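Spelled out from the first residue to the last, the chains are:
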Amino acid sequence: MPRFYDLLRRHPTWVDTFWAVVLFGLSGLSVVNLDGAPGHHGTLAGGMAVSAVLCVVVALRRRFPEPLLLIAFATGLAQLLLDIETNVADFALLVITYTVAAVGARWASRLALAVSLGAATLAQIRWPAEHSSFLGQSAIAVFQTVPFALAWVLGDSMRTRRAYFAQLEERAARLEKEREAQSKVAVAAERARIARELHDVVAHNVSVMVVQADGAAYVLDAAPDQAKKALETISSTGRQALAEMRRLLGVLRTGEPQEGGEYVPQPDVEQIDDLVEKCRSSGLPVDFKVEGTPRPLPSGVELTAYRIVQEALTNTRKHGGPNTGASVRLVYFDDGLGLLVEDDGKGAPHELYEEGGADGQGHGLIGMRERVGMVGGTLDAGPRPGGGFRISALLPLKPAH
């Protein structure tokens, strides 16, 4: 049965044709029975011709609603002019009125309403009921008009309902596309963030490894113990860099964090002390101070603070020159976190800090500004009076609206 119903839904003209044949049979019986009866008007041929035309209207109403509406009205007008009395086939006028109101053009719908409301009155005037007063004939005309009005109202309601559901479907499709677009934007933003993380990891750890390798080569013969310690630092730093790179590249491949394997949590403010110690062990003197009362911070603020200090110290090692010292100040305010990283090296052109290195690779200060901007903070960076470089950042605890 479901297949049969599906077949009927896919071929509505077949259903209309079936009912048109049934209607033609009933109207034929009606015309034949009335032919020659007392008070009957019209001829058998005329009645059958009108019935045939109106049944064609029923059969093809879904395909050509507007033209068939005009044909149906023209047929009704011919009935009036040729004195062919109404029969069962005139039910087609109700059907075409409903169809045009439901799926036809607006002008056709209005025309159908206007003509159908007057059809019953014209028929009553043309073929008045015998032995009936004016009030009786008027009541009959009103009674016969009601089905036409109901047919039009039902069709117009179906039109409104279809338009409403079509609007809902369009809105749902639009929202789905918007969700897909937002998802793609979110994925792109997340991957850009991961790329910045990867840059910070590689730039910092490789810089430490290079400094340690140079130191180990310098003291290899004179101080084997120091060379061994430098090599151990290179080994541990390389393992940490590989672990973080493995995690980040895994996210880039799959779009989700890796479940297995070594997992390195995102750095926070407490790990700045470890970062400073690592820089000191690599030969860069760093003075680190914390002012204010430490307290829990949003994860985005903590990660941003760590990466700014990491990038600043990496740039100091790259561009500060020999015998360079650095200082890191971490200040807890009531409504934010302040960062101040300075060095007293010879410095380098501001453009190198912007690009992240002398080779023009990486993010440098551009990446810092992006990170600070994401948490609604401010960044000030530039050469210090008398030499060196200075980076100052203020990270609010609440995002700016």
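Note: the structure precedes this text.
Residues numbered from 1 in each chain as written. Predicted model: local features only at pLDDT ≥ 70, side-chain atom pairs only at ≥ 80, totals over all residues. Heavy atoms only, no water.

### Considering the packing of helix α3 (residues 44-59) against helix α4 (residues 65-82)
Each pair of packed helices can be summarised by the angle the axes make with each other and by the distance between the axes.
Turning to step 1, where the next piece is worked out: Where α3 contacts α4, the two axes come as close as 10 Å, and the packing angle between them is 160 degrees. For the element pair α3 / α4, the angle class is roughly antiparallel. α4 is crossed by α3, and the crossing has left-handed handedness. Every residue of α4 that contacts α3 at Val50, Val53, Leu54 and Val57 is listed here: Leu68, Ile71, Ala72, Thr75 and Gln79.
Turning to step 2, where the next piece is worked out: The residue makeup of the contact of α3 with α4, split by class, is 7 nonpolar, 2 polar and no charged. (Axes fitted to C-alpha atoms, helices over the stretch in contact; angles between N-to-C directions. Helix = DSSP H or I, 4+ residues; strand = E, 2+ residues; numbered from the N terminus. Parallel < 35°, antiparallel > 145°, perpendicular 65-115°, else oblique. Left-handed = near helix turned anticlockwise from the far one by under 90°. Contact = heavy atoms within 4.5 Å. Nonpolar A, V, L, I, M, F, W, Y, C, P; charged D, E, K, R; others polar.)

### Topic: the packing of α4 against helix α6 (residues 106-126)
Turning to step 1, where the next piece is worked out: Direction vectors running N to C along α4 and α6 enclose 15 degrees, while the axes themselves pass 11 Å from each other. When the interaxial angle is binned, α4 and α6 end up roughly parallel. Between α4 and α6 the crossing geometry is left-handed. Each of Glu66, Leu69, Leu70, Phe73, Leu80 and Leu81 in α4 lies in contact with α6, whose residues at this interface are Trp107, Ala108, Leu111, Ala112, Val115, Leu122, Ala123 and Arg126.

### Quick word on the side chain of Asp156
Turning to step 1, where the next piece is worked out: Among the secondary structure elements, Asp156 is positioned in helix α7 (residues 134-219).
Turning to step 2, where the next piece is worked out: When its relative accessible area of 17% is taken as the criterion, Asp156 is described as buried.
Turning to step 3, where the next piece is worked out: When near neighbours in sequence (up to four residues on either side) are disregarded, Asp156 contacts Ala101, Ala102 and Arg106. (Buried < 20%, exposed > 50% of the residue type's maximum accessible area, 1.4 Å probe, protein only.)

### So, the nonpolar core
Turning to step 1, where the next piece is worked out: Counting 33 residues, the largest nonpolar core has Leu313 and Ile391 as the members making the most contacts within it.
Turning to step 2, where the next piece is worked out: Going through the elements one at a time, α9 (272-281), β1 (286-291), α10 (299-319), β2 (326-332), β3 (336-343), α12 (365-374), β4 (378-383) and β5 (389-396) are the ones with two or more residues in this core.
Turning to step 3, where the next piece is worked out: At 7 residues, the largest contribution of residues to this core is made by α10.
Turning to step 4, where the next piece is worked out: Not counting the four nearest positions on each side in its chain, Ile391 is found in contact with Ile308, Ala312, Leu339, Leu340, Val341, Leu365, Met368, Leu379, Asp380 and Ala381. (Core = buried A, V, L, I, M, F, W, Y, C linked by side-chain atoms within 4.5 Å.)

### A closer look at the packing of aromatic side chains
Turning to step 1, where the next piece is worked out: Under the definition given, this model contains 2 aromatic pairs.
Turning to step 2, where the next piece is worked out: Ring geometry for Phe18 against Trp19: centres 5.2 Å apart, planes inclined by 70 degrees, an arrangement best described as edge-to-face.
Turning to step 3, where the next piece is worked out: Taking the centre distance of 5.8 Å and the plane angle of 65 degrees together, the rings of Tyr164 and Phe165 count as edge-to-face.
Turning to step 4, where the next piece is worked out: Given the relative accessible area of 40%, Phe165 is considered partly exposed. (Phe/Tyr/Trp six-rings, centres within 6.5 Å; stacked < 30°, edge-to-face > 60°.)

### Regarding α10
Turning to step 1, where the next piece is worked out: The terminal C-alpha atoms of α10, which comprises 21 residues, lie 30 Å apart, in line with the 30 Å expected from a rise of 1.5 Å per residue.
Turning to step 2, where the next piece is worked out: Of all 21 residues in α10, 18 are buried; the element is thus mostly enclosed.
Turning to step 3, where the next piece is worked out: At the exit of α10 stands Gly321, carrying a positive phi of roughly 85 degrees. (Expected span 1.5 Å × (residues − 1).)

### Here we look at the environment of Gln144
Turning to step 1, where the next piece is worked out: Along the chain, the position of Gln144 falls in helix α7.
Turning to step 2, where the next piece is worked out: Note on Gln144: relative accessible area 35%, which makes it partly exposed.
Turning to step 3, where the next piece is worked out: Residues Gln144 and Thr121, 23 residues apart in the sequence, show an inter-C-alpha distance of 8.3 Å.
Turning to step 4, where the next piece is worked out: Non-local contacts of Gln144, meaning those with residues more than four positions away in its chain, are made with Ala120 and Gln124.

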